[in-house]
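Listed below are the residues making up each chain.
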Amino acid sequence: MPELPEVENLRIGLEREIKGQKILSAEVRLPKLVSGTGNKRKASGAKAAEFIKGVVGKKIIEIDRRAKNLIFKLSDGSAILVHLKMSGQFVYKSSKRGATVEGGHFPNHAKGGQIEISRSTLPNKHSHIIFKLSNGTLFYNDTRTFGYLIYYKNLSTLYASETLKNLGPEPLGKEFTLEHFESALKSKKKNLKSALLGQEIVVGLGNIYVDEVCFISGVNPSRITNTLKAYEIKRIHDAIKKILPHAIKLGGSSVATYMLLDESRGNFAREHKVYGKAGNPCVNCQRPLLKKTLAGRSTVYCKNCQK
Ligand SMILES: [Zn+2]
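This paragraph deals with the coordination of the zinc ion. In this structure, Cys282 (SG), Cys285 (SG), Cys302 (SG) and Cys305 (SG) serve as the protein donors to the zinc ion, at separations of 2.2 to 2.4 Å. Metal-centred angles of 100 to 113° between the 4 donor atoms at the zinc ion mark the site as tetrahedral. Counting along the primary sequence, the residues that act as donors to the zinc ion give the motif C-x2-C-x16-C-x2-C. Here Cys282 is found in the loop between α8 (230-249) and β12 (290-294), whereas its partner Cys302 is found in the segment after β13 (297-301), with 20 residues between them in sequence. Taking relative accessible area as the criterion, Cys282 reaches 0% and is therefore assigned buried.

Right under this line is the structure:
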């Protein structure tokens, strides 16, 4: 599932490519992925019709992100909330034939190089929603179809929605202070892994970045949060603040189906120290990394370096 660095990279790409464009049409090939009522999605042609009616003719004025959600703000104050879940993707194809964009904005491309906007033939069988925009086409592809797009008539209902209302602070925002983090962790009695995955104490971290953060901070992900020492909490807080901007800069972690808007892949996966590396030697102590299930998720850690 795309986590904060991956969603943020998509947001940056979307801002650059589609901001200011008008939605000329929206084709919904899989109605269960959309809702036009601001409520939870439901498989229904009527909701798809409402969604289409809501978005068509509007200009996209901003693309925002909250936790792992994207928010397309539209010209009349309405908005589309997007959650990519396991395998949602956006790919943008400019209508200018052979059009290229400056590659320097995406850090994983050579600076100043030229990249093609789209490399594959679209739509394909996983292109479930297709937006025709003033200057190109935006495809929403989703192989496992757990993602969703919901139309909200105004932003206040969107921010008060079930998806957003209980979210904790953004890890790169001012609200995510060490004091907040410490008191939130101390007030819980769960293992560190599930506390960090939970999206209440801090948002945006999923399985990849939680394992990486725990490793970098030298704390075992099984630790119960109210037993963590102040210096350990500070190390975890520092690791979150350090790893996320670095991963964003490298285009995120391309594992499974995640890719950037131009179908290129993020480069942070090559810097993973533990995620997906069970059995490999630890980069610090060379002992084999262990794997276990925590919070229902596969977790990789070094028993020697993480206490
Ligand atoms: Zn180690």
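Right, let's get into the packing of helix α5 (residues 178-186) against α8. Put simply, α5 and α8 touch, their axes get as near as 10 Å, and they point 120° apart. On the basis of their axis angle, the class for α5 and α8 is oblique. The crossing of α5 and α8 is right-handed. Contact residues: α5 offers Leu178, Phe181, Glu182, Leu185 and Lys186, while α8 offers Ala230, Ile233, Lys234, Ile236, His237 and Ile240. When its residues are assigned to classes, the contact of α5 with α8 shows 7 nonpolar, 1 polar and 3 charged.

The next thing to look at is the sheet that holds strand β4 (residues 69-74). Ordered in space as β2-β11-β5-β4-β3, the 5 strands form an open sheet in which the pairing is mixed. Both outer strands of the open sheet, β2 (34-35) and β3 (60-66), are each paired with one neighbouring strand and no more. Where β4 lies against strand β5 (residues 79-83), 5 bridges are found, and the strand directions are antiparallel. Within β5, the residue paired with Ile71 across the bridge is Leu81.

Rules of the game
- Residues numbered from 1 in each chain as written.
- Predicted model: local features only at pLDDT ≥ 70, side-chain atom pairs only at ≥ 80, totals over all residues.
- Heavy atoms only, no water.
- Donors = N, O, S within 2.8 Å, 3.2 Å for Na, K, Ca; no water.
- Tetrahedral: all angles 85-135°; square planar, octahedral: opposite > 155°, others 65-115°.
- Helix = DSSP H or I, 4+ residues; strand = E, 2+ residues; numbered from the N terminus.
- Buried < 20%, exposed > 50% of the residue type's maximum accessible area, 1.4 Å probe, protein only.
- Axes fitted to C-alpha atoms, helices over the stretch in contact; angles between N-to-C directions.
- Parallel < 35°, antiparallel > 145°, perpendicular 65-115°, else oblique.
- Left-handed = near helix turned anticlockwise from the far one by under 90°.
- Contact = heavy atoms within 4.5 Å.
- Nonpolar A, V, L, I, M, F, W, Y, C, P; charged D, E, K, R; others polar.
- Pairing = 2+ DSSP bridges.

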